[in-house]
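# Per-entry structural report
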Amino acid sequence: MTEVARSVAIKLRSCSKTFPDGTKALQPLDLDVGAGETLVILGPSGCGKTTTLRIIAGLDEPDPGGKVLFDGEDVTPVPIERRDVGIVFQSYALFPNMSVRENVAYGLRVRRRPAAEQRSRADEMLAMMRIEALADRRIDQLSGGQRQRVALARALAIRPRALLLDEPLTALDAKLRETLRVEIDGLLRRVGITAIYVTHDQAEAMALGDRIVVMEHGRVAQIGSPREIYRAPKSRFVADFIGTMNKLPGRAEAGRFVTAAGSIPWSREAGAAEAAFRPEDARIVPAGPDALRATVTTSFFLGDRTRLVLDVAGTAVTVDSSERAAWTRGEAVHLAVPPQALIDLGDRA
Amino acid sequence: MRARSRDDFRHLLLLLPAGIVFAAFFLVPLGQLFLIGGSGKSGYAGYADILVHPKYLRSLVSTLALAAATTVATLLLSTTAGLFLVRNAFPGRALLVAMLTLPLAFPGVVIGFMVIMLAGRQGLIGDVTQALTGEKLVFAYSMAGLFMGYVYFSVPRTVLTIMASAEKLDPRLEEAARSLGASRLRVLADVILPGLKPALLAAGAICFATAMGAFGTAFTLATRIDVLPMTIYTEFTLQANIAVAAALSFVLGAVTWAALALARTASGATVAAAG
């Protein structure tokens, strides 16, 4: 495989962004991305994730005092034209007046490389994206998935120092999104390029990221591996944003979590608390001292599992069970949650 | 099959009013014009005479040159102004755009009047140049004055067309080009101008056709200005040379049409489709 990329480590130091109308889009942010790492920035719209990407790209400048470093070199004053980063947008942003091959070769044409090199590099990139058959097509003859492949090939053709992707799959339909996501994942691993991937889709974030940065209101809510983010969310926001999270109010005392529906073991300092857990961590068990009393509100048979919504002392709790059992509405059941699966979201407000 | 042909017949019947209007106001006058053009002493060879006769040929060439220069200058000015107005928000922008479109309402006579006030014998430019250099610069009563008037007249509608088109350009395209290393000038040449091409062609065509055929401004400035509409007017009213006037009119129409068709073909398939 020919060399595709020169990966750099990216550092942001106290990068904030205030828009001309006074809106603070980004609170001072420090961020470290390792060379070759895929970092996913995840959050709802307006959380500052795209602003962060645009600052790294050089499309937006951070407020005075903020710094962007590529391998320790301060690139803050370097405009995007000379920052050598590849960008892929949600809207593809392919040049409609050029063929597929001309699009991919554009970065080399601008750099005045010999025509033969432009062509061979473009064809190499098209082959890598498995769209070499489309080389002479016009852009309006391509499907959405094909367009995004061309956009990826074009961004990588210049051997960028980093690849920045702004919601690249959002415009595609669900099935294609899945296919292309797997493809992008394979591509990023193979190429080993430093990649920053912005999305609002938690499934995409979990599947692609070496690490995930969850953002909220222009701040980092949590940074960690997909596992850490899922298993140990540090805040209510992160817990709610990723996957389904049950939250039970109660009290922690003497090594147990006590609710109106019974108590389960939990070693936490005493006090009013809220215990959170994932639907797949709870189990339906026979009545016993370490189980909570619950009533079935609804049950959905999903094939590989049954999703139950239970009423636990007035709180709705979602449980996934893979047992071959059927439950009926109104049925009384008992619920056990292993102590290591219980997440402490802090004292109750 | 029979029902089908009856339908076809009905459709043709529905087209009839449009056909009558087209014939009455376009085909018949044009045919008549062509016939009159051939009714002179030398018959249809009169058409050839126009292209050989130095006076008429000079008139034709200078009209074409004026229209081409007006089109180029208008497109340059309007593209710059239009892009600036779309990309920059500043206080008074809406008012400026409204003022820019003001000349749309003026007839050619008023445009000519304004050119005289600016560059005529008592004009502003004359006063200023006299104060500065001691010589009075007067160009209102010439091709230069006409050129200025036509540009002034054509810029508003061209700016509006270009602004409408520029607002629809995807800013991501430009950002993508810049990320690939393209300078501002490259972005303009490779992304912005191709994106504006349909608008530039449409506006350019109208501008060119207007400059070829406009009469009021030329008539206001001076009767000596050697453009085709003036020549036609002179032949028709002053010389009563009706055959030549008709032949010139026909040639004016044909040459304008041919020039526009040529521009369309030269600028590629997308344009032919747009035109």
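Residues numbered from 1 in each chain as written. Chains lettered and ligands numbered in written order. Predicted model: local features only at pLDDT ≥ 70, side-chain atom pairs only at ≥ 80, totals over all residues. Heavy atoms only, no water.

A few words on the overall build of chain B. From N to C terminus, chain B includes 13 helices and 0 strands. Order of helices (α) and strands (β) in chain B, N terminus to C terminus: α-α-α-α-α-α-α-α-α-α-α-α-α. Principal-axis analysis of the C-alpha atoms gives chain B an extent of 75 × 60 × 30 Å. Considering chain B as a whole, with its 275 residues, one finds that 35% of them fall into the buried category. Summarising the internal contacts of chain B: among those between residues at least 6 apart in sequence, 68% fall at separations of at least 24. Surface summary for chain B: the accessible area is close to 15400 Å², and the carbon and sulfur share equals 72%. (Helix = DSSP H or I, 4+ residues; strand = E, 2+ residues; numbered from the N terminus. Buried < 20%, exposed > 50% of the residue type's maximum accessible area, 1.4 Å probe, protein only. Contact = heavy atoms within 4.5 Å. Areas by Shrake-Rupley, 256 points an atom, 1.4 Å probe, with all protein chains shown as cover.)

This paragraph deals with the sheet that holds strand β6 (residues 85-88) of chain A. All names here are of chain A. Within the open sheet, the 6 strands sit side by side as β6-β7-β8-β3-β9-β10. Their pairing is mixed. This sheet does not close on itself; its edge strands, each paired only once, are β6 and β10 (219-224). Ignoring which end each strand starts from, the neighbouring axes of this sheet average 15 degrees apart. (Pairing = 2+ DSSP bridges. Axes fitted to C-alpha atoms, helices over the stretch in contact; angles between N-to-C directions.)

Turning to the domain arrangement of chain A, a few remarks are in order. Residue and element names in this part refer to chain A. Here chain A is described as being made up of domain 1 (10-240) and domain 2 (245-347). Here domain 1 and domain 2 have C-alpha centroids that lie 40 Å from each other. Taken together, the contact pairs 8 residues of domain 1 with 9 residues of domain 2. Carbon and sulfur atoms make up 37% of the surface buried where domain 1 meets domain 2, a total of about 780 Å² over both sides. Salt-bridge contacts for aspartate 281 lead to arginine 231; the nearest nitrogen and oxygen are separated by 3.6 Å. Where domain 1 packs against domain 2, one counts 4 residue pairs in polar contact (both at pLDDT 80 or more). Elements with a contribution of two residues or more to the side of domain 1 that touches domain 2: α7 (226-231) and α8 (236-241). Residues that form the side of domain 1 that touches domain 2 fall into these classes: 4 nonpolar, 1 polar and 3 charged. (Domains from an automatic or database assignment. Buried area = accessible area lost by both parts, 1.4 Å probe. Salt bridge = Lys/Arg side-chain N within 4 Å of Asp/Glu carboxyl O. Polar contact = N/O pair within 3.5 Å; in protein donor to acceptor, adjacent residues only side chain to side chain. Nonpolar A, V, L, I, M, F, W, Y, C, P; charged D, E, K, R; others polar.)

Generally speaking, soluble globular proteins have nonpolar side chains that are buried together. Residues and elements named next belong to chain A. Judged by nonpolar contacts, the single largest core of 49 residues is most densely connected at Ile10, Phe70, Ile87, Phe95, Tyr106, Leu164 and Ile196. The contacts of isoleucine 10, once residues within four sequence positions are left out, are Leu31, Asp32, Val33, Ile56, Leu69, Phe70, Ala162, Thr194 and Ile196. If you look at the next biggest cluster of nonpolar residues, it comprises 45 residues, including Leu156, Leu172, Tyr197 and Val214. (Core = buried A, V, L, I, M, F, W, Y, C linked by side-chain atoms within 4.5 Å.)

Next up on the list: the confidence of the model for chain B. Averaged over every residue, the pLDDT of chain B is 87; residues scoring 70 or more account for 95%. Of all helices and strands in chain B, the one with the weakest mean pLDDT is helix α13 (residues 269-274) of chain B (40), whereas helix α8 (residues 171-179) of chain B scores best (94). (pLDDT = per-residue confidence, 0-100.)

Moving on, we get to the interface of chain B and chain A. Each partner contributes residues to the interface: chain B has 16 residues there, and chain A has 21 residues. When the two sides are added together, the surface that chain B and chain A hide from each other amounts to roughly 1700 Å², 57% of it contributed by carbon and sulfur. Summed over the shared surface of chain B and chain A, the result is 3 salt bridges. Between arginine 54 of chain A and glutamate 175 of chain B there is a salt bridge, with the nearest N and O atoms lying 2.8 Å from each other.

As a further point, take unusual backbone geometry. In this structure, tyrosine 92 of chain A is a non-glycine residue whose phi angle is positive, near 70 degrees. For tyrosine 92 of chain A, the position within the fold is in the loop between β6 and α2 (100-110). A positive phi angle is found at alanine 240 of chain B, which is not glycine, with a value near 55 degrees. For alanine 240 of chain B, a relative accessible area of 54% gives the class exposed.

Bringing the pattern of salt bridges into the picture now. Note that side chains of opposite charge can pair when their charged atoms are close. A full pass over the atoms with the stated rule returns 36 salt bridges over all chains. A salt bridge links arginine 181 of chain A to glutamate 178 of chain A, with the nearest nitrogen and oxygen atoms 3.2 Å apart. Placement of both arginine 181 of chain A and glutamate 178 of chain A in helix α5 (residues 174-191) is noted, with a separation of 3 residues, approximately one turn of the helix. Two residues, glutamate 274 of chain A and arginine 236 of chain A, come together in a salt bridge whose shortest N-O distance is 2.2 Å. Linking glutamate 274 of chain A in strand β14 (residues 271-277) with arginine 236 of chain A in helix α8, this pair joins segments that are 38 residues apart in sequence. Taking relative accessible area as the criterion, glutamate 274 of chain A reaches 13% and is therefore assigned buried. One network of salt bridges, in which partners are shared, links Arg54 and Asp60 of chain A together with Arg172 and Glu175 of chain B.

Now for a nonpolar patch on the surface. Residue and element names in this part refer to chain B. Nonpolar side chains collect at one region of the surface, where Phe22, Phe26, Leu27, Val28 and Leu30 lie side by side and expose about 460 Å² of accessible area between them. Looking at the element boundaries, phenylalanine 22 is found in helix α1 (residues 2-37). Phenylalanine 22 sits in the partly exposed class, given a relative accessible area of 44%. (Patch = residues over 30% accessible without salt bridge, like charges linked within 9 Å, V, L, I, M, F, W, Y side chains within 5 Å.)

Before going further, it helps to examine the side chain of glutamate 175 of chain B. Here glutamate 175 of chain B shows up in helix α8. What makes glutamate 175 of chain B buried here is its relative accessible area of 10%. At 3.1 Å, the side chain of glutamate 175 of chain B forms a polar contact with the side chain of arginine 172 of chain B. Dropping the residues within four chain positions of it, glutamate 175 of chain B is found in contact with Arg54, Leu59, Ile80 and Phe89 of chain A.

What follows covers the packing of aromatic side chains. The geometry of an aromatic ring pair is captured by two quantities: the separation of the ring centres and the angle between the planes. Within the structure shown, the criterion is met by 13 aromatic pairs over all chains. Centroid distance phenylalanine 34 of chain B to tyrosine 47 of chain B: 5.1 Å. Interplanar angle 25 degrees. Geometry classified as stacked. Of the two residues, phenylalanine 34 of chain B sits in helix α1 while tyrosine 47 of chain B sits in helix α2 (residues 45-52), which places them 13 residues apart along the sequence. What makes phenylalanine 34 of chain B partly exposed here is its relative accessible area of 33%. Take tyrosine 47 of chain B: its relative accessible area is 12%, and that puts it in the buried class. Judged by centre distance (5.8 Å) and plane angle (35 degrees), the rings of phenylalanine 84 of chain B and phenylalanine 90 of chain B are tilted. On the basis of relative accessible area, phenylalanine 84 of chain B is assigned to the partly exposed category, the value being 47%. Through a chain of ring-to-ring contacts, the aromatic side chains of Phe34, Tyr44, Tyr47 and Phe250 of chain B assemble into a single cluster. Taking the ring centre of tyrosine 230 of chain A as reference, the NZ or CZ of arginine 278 of chain A above it sits at 3.8 Å. (Phe/Tyr/Trp six-rings, centres within 6.5 Å; stacked < 30°, edge-to-face > 60°. Lys NZ or Arg CZ within 6 Å of the ring centre and 35° of its normal.)

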